[in-house]
Amino acid sequence: MRAALREAQAAADADEVPVGAVVICEGRIIGRGHNQRQALVDPTAHAEMLAITAAAAHQNDWRLSGCTLYVTLEPCAMCAGAMVLARVDRVVFGTDDPKAGACGSVFTIPTDPRLNHQVAVTRGVLEAECAELLRTFFIRQRTLGKK
């Protein structure tokens, strides 16, 4: 999760919403990403999507069985769906997203038994640090009149 927090800080430094993600397989980071929606002018450029894409490229396989995704904020429906489609084994996230979280807050996509794959969910890892990074970013944005 510390590596995901470093990615989130990179997003904040680029004036993006500070969410960071890494994919771990066999104890090594094989994919990383941070939000880049502004920079790439792409609504799908979430940290998780970029980390999953990088991990799949590293593995030369879209299936990420045996991998864990660490992310600072609870994944949205798009990212939770991508985890299921990529066959990620587990997601570990820092802080809940009560407005758009799809790993237990608003929806529960990863463990939905109707889907062909389930992703184990661990929540609350380094929660205070993850939440503080987001809180600080949005306070600054409001002060600057940006968001």
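Residues numbered from 1 in each chain as written. Predicted model: local features only at pLDDT ≥ 70, side-chain atom pairs only at ≥ 80, totals over all residues. Heavy atoms only, no water.

Participant: So, helix α5 (residues 127-143): which residues are in play, and what are the values?
Facilitator: Given 3.6 residues per turn, any residue in an α-helix points the same way as the ones three and four places further on. A rise of 1.5 Å per residue sets the reference length of α5, with its 17 residues, at 24 Å; its end C-alpha atoms lie 24 Å apart and thus fit the reference within 8%. Looking only at α5, the buried set comprises C130, A131, L133, L134, F137 and Q141. All buried residues of α5 project into a common sector of 155 degrees when viewed along the axis, lining one side. Among the exposed residues of α5, those pointing more than 90 degrees away from its buried face are A128, R142 and T143. (Helix = DSSP H or I, 4+ residues; strand = E, 2+ residues; numbered from the N terminus. Expected span 1.5 Å × (residues − 1). Buried < 20%, exposed > 50% of the residue type's maximum accessible area, 1.4 Å probe, protein only. Arc of directions from axis to C-beta.)

Participant: Summarise helix α4 (residues 77-85); cite the residues concerned and give the values.
Facilitator: Taken together, the buried positions of α4 are C79, A80, G81, A82, M83 and V84. Contacts made by the buried residues of α4 are with α3 (47-59), β3 (67-73) and β4 (90-95). Looking at the residues trailing α4, positive phi occurs at R87, about 65 degrees. (Contact = heavy atoms within 4.5 Å.)

Participant: Talk me through the side chain of N35; I want residue IDs and the actual numbers.
Facilitator: Tracing the backbone through its elements, the reader meets N35 in the loop between β2 (28-34) and α2 (37-40). A relative accessible area of 7% places N35 in the buried class. Polar contacts involving the side chain of N35 include one to the main-chain carbonyl oxygen of V17, which spans 3.2 Å. Setting aside residues up to four positions removed in sequence, N35 forms contacts with A11, E16, V17, V19, A45, H46 and A47. (Polar contact = N/O pair within 3.5 Å; in protein donor to acceptor, adjacent residues only side chain to side chain.)

Participant: Explain the environment of N116 to me, and be specific about the residues and the numbers.
Facilitator: As for its position among the elements, N116 is in the loop between β4 and β5 (120-123). Between the alpha carbons of N116 and L5 there is a distance of 31 Å; along the sequence they are 111 residues apart. If we ignore the near neighbours within four places in the chain, the residues touching N116 are V84 and R87.

Participant: Can you tell me about the nonpolar core, naming the residues and giving the values?
Facilitator: Counting residues in each nonpolar core, the largest one holds 29 residues, and the members touching the most others are L69 and M83. For this core, the secondary-structure elements that each account for two or more residues are β1 (20-25), α3, β3, α4, β4 and α5. Non-local contacts of M83, meaning those with residues more than four positions away in its chain, are made with I52, L69, P75, V88, V91, C103, P110, H117 and V119. Formed by nine residues, the second largest nonpolar core is a distinct cluster that contains M1, A3, V22 and C130. (Core = buried A, V, L, I, M, F, W, Y, C linked by side-chain atoms within 4.5 Å.)

Participant: So, the sheet that holds β4: which residues are in play, and what are the values?
Facilitator: Pairing in this open sheet of five strands is mixed, and the strands run β2-β1-β3-β4-β5 from one edge to the other. Sheet topology places β2 and β5 at the edges, where each strand pairs with a single neighbour. Here the average twist between neighbouring strands, direction ignored, is 15 degrees. Judged from the four bridges that link them, β4 and β5 form a sheet pairing that is parallel. For V92, the partnering residue across the bridge sits in β5 and is T122. (Pairing = 2+ DSSP bridges. Axes fitted to C-alpha atoms, helices over the stretch in contact; angles between N-to-C directions.)

Participant: Can you explain the packing of aromatic side chains? Please cite residues and give values.
Facilitator: Tallied over the entire structure, the rule returns one aromatic pair. Each ring, one from F137 and one from F138, has its centre 5.1 Å from the other, and the planes form 80 degrees; the classification is edge-to-face. F138 gets classed as partly exposed once you look at its relative accessible area, which sits at 28%. (Phe/Tyr/Trp six-rings, centres within 6.5 Å; stacked < 30°, edge-to-face > 60°.)

Participant: Which residues make up the environment of D89, and what values do they have?
Facilitator: In this structure, D89 sits in the loop between α4 and β4. Beyond its immediate sequence surroundings of up to four residues, D89 is in contact with L64, S65, G66, C67, Q118, V119 and A120. For D89, the side chain forms a polar contact with the main-chain nitrogen of G66, separated by 3.0 Å.

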